[in-house]
2 protein chains.
Amino acid sequence: MSLAEQVLEGNIRAAARLMRDIDDGRPQAIVELKKLYSQTGNAFIIGITGPPGAGKSTLVDQLTASFRGRGKKVGVVAIDPTSPFTGGAILGDRIRMNRHSCDEGVFIRSLATRGSLGGLSRSTSDVALVMDALGMDIVIIETVGVGQDEVDIVKEAHTTCVVMVPGLGDDIQAIKAGILEIGDIFVVNKADREGADRTARELSTMLDMRNTAEGNWNPKVLKTEAQRGTGIEELTDEFLAHRDFFLSSGTIHHFLKERSQRHFIGILRDTLLNKALLFMAKDDYFARVITEMSDHRIDPYSAVEDLVSRMMSK
Amino acid sequence: MSLAEQVLEGNIRAAARLMRDIDDGRPQAIVELKKLYSQTGNAFIIGITGPPGAGKSTLVDQLTASFRGRGKKVGVVAIDPTSPFTGGAILGDRIRMNRHSCDEGVFIRSLATRGSLGGLSRSTSDVALVMDALGMDIVIIETVGVGQDEVDIVKEAHTTCVVMVPGLGDDIQAIKAGILEIGDIFVVNKADREGADRTARELSTMLDMRNTAEGNWNPKVLKTEAQRGTGIEELTDEFLAHRDFFLSSGTIHHFLKERSQRHFIGILRDTLLNKALLFMAKDDYFARVITEMSDHRIDPYSAVEDLVSRMMSK
């Protein structure tokens, strides 16, 4: 039985192996993903992003418990780009694993994307696909920070939740603009801290200024204390409300089309480049052209044209 | 006479027009760049990066004057990604234009990269090439912030100078790690401010921990007050010292090879993708495949394979 078939039968170990292959960038992973694809599209994908220290891991842990309490199977993908800074996140993962480790309805995986073929967001999307195929109803993608990479990652999610905390000051001010656009739900976590109401109010004001047309989703700002479990059920309700809106308003059709385009173009770009690199590997073509460019004997545009016409005429 | 020929004769207006074409992403710009390429490689390219508010524009202005005082022609490329936040930078540009506007040995251009074909760093590199062809001895590339885009941009420079200021606090702490690796020269600007010595000391300590092998360049930390012109000549000396090292140590060969590879691969990727998009534009192929993907009837990997084999068999 292929790895894909085993995953579709709910085999957790097969899923873990396929995810590892995706993370390592093994070509065999693509063969298996192809077999899974037609059986997917059922899971609802949630993206959780926000600055480091906002308490995202704890919040995801509580959300997992809450969705479980409502009979949903939950997959969690924690993005840990290989970096000395993510030691904490990996540790956090282990702690969560312990809590949910006896529950077959929870599957947690961290993604390091060591050998990522098409960038972090494609690996994330592929791992979410495996969780979908495994029968998870909800897949939560959790990012570490809030940079451009993270924005690209949460684009893969149906619902994006931005987690803030009081008292981050100017840092937040600087990233607010970009963050407002990607969030469907906003959470002020550690709401017992001083300034929580002010942070929530500021966010609400900025969201009000966001130009939302009639019939669009209106993002709310919720307050939570993930550590104590306060506000979690309300947040879960809000996720489900956004899912209902997403499905009933037809937003999902637009979302699926955009995501398909993005995936298609991204994979197309990499496939064509790989073909060209293979073509050049035959003789010392690449080394020769790079030397000529370094000596300013040929410009890069002409060099590329030359290569492409050779490839096409072959 | 072609635009390229006019640029090579030192025609400032022709250079300005070609840069605008690059910035707008016009295909004709590439035709002209090809003609220039073999006549370039003479300018020394300096990258200036650092957080907003570090006083980079003022520093660049003073450096320009200093290099002029040593008989060098100076080109300045200020990167202003189109964004509401760059109003300040554009204004700063105008101010600088006024000061040097009567000097034919100074050419200042800001790059908005509205229609950039291959991203900000390629446009920057192409504009620097035009300045090189125009006969500028020194080309200074100035970025607005210190994100991944900026790191990619300063990779195009022979020498990268990172500008810091005292008292930016945790913000800097967070970006320090990445910044240490790209800097050849470090400047603590606004050195009259409280904490300047401490910032310089911290930087030096971190640089000492950086693992530099025997025979490598050892980055220094200099202090400047760009507003008053203090420390500028020392900084100019340091730039020239790094250039000497760059040329005499052979570092330049490695640099040119890496840069050529990066340019070649980047242009190759875009060229191939454009060919595929043109190929798909013929019928409703693209729309059809996106619909099939959205419905999970075909996976993106198989869809791409199908397209590529059609393209190649044609």
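Look above for the structure.
Here's what I pulled together on the structure shown here. (Residues numbered from 1 in each chain as written. Chains lettered and ligands numbered in written order. Predicted model: local features only at pLDDT ≥ 70, side-chain atom pairs only at ≥ 80, totals over all residues.)

## Focus on the relation of the copies chain A and chain B
Superposing chain A onto chain B takes a rotation of 180° combined with a translation of 0.0 Å along the rotation axis, leaving an RMSD of 0.0 Å. Accordingly, the operation relating the two chain copies is best matched by a two-fold axis. Interface residue correspondence from chain A to chain B reaches 100%, placing this contact among same-surface, isologous pairings. (Least-squares fit on C-alpha atoms with pLDDT ≥ 70 in both. Contact = placed C-beta atoms within 7 Å.)

## Things to note about helix α4 (residues 56-69) of chain A
Residue and element names in this part refer to chain A. Helix length check: α4 (14 residues) gives 20 Å between terminal C-alpha atoms against 20 Å at 1.5 Å per residue, within 8%. Where burial is concerned, most of α4 is hidden: 10 out of the 14 residues are buried. Where α4 ends, the next residue or the one after it, Gly-71, has phi of about 80°, a positive value. (Helix = DSSP H or I, 4+ residues; strand = E, 2+ residues; numbered from the N terminus. Expected span 1.5 Å × (residues − 1). Buried ≥ 20, exposed ≤ 12 C-beta atoms within 10 Å, placed from the backbone.)

## Here we look at the environment of Phe-44 of chain A
Residues and elements named next belong to chain A. Residue placement: Phe-44 occurs in strand β1 (residues 44-49). Residue classification places Phe-44 among the buried positions, given that 21 C-beta atoms sit within 10 Å. Along the chain, Phe-44 and Glu-32 lie 12 residues apart, while their C-alpha atoms are 21 Å from each other. When sequence neighbours within four positions are dropped, the list of residues in contact with Phe-44 reads Asp-137, Ile-138, His-158 and Arg-243.

## With respect to the pairing of strand β2 (residues 74-79) of chain A
Side-chain direction in a regular strand flips from residue to residue, so the side chains alternate between the two faces of the sheet. All names here are of chain A. Within β2, six of the six residues are buried, which leaves it mostly tucked inside the rest of the structure. The sheet contact formed by β2 and strand β3 (residues 106-111) spans six bridges and is parallel. Within β3, the residue paired with Ala-78 across the bridge is Ser-110. When β2 meets strand β4 (residues 138-142), the two strands line up parallel, connected through five bridges. Bridging across to β4, Val-74 finds its partner in Ile-138. (Pairing = 2+ DSSP bridges.)

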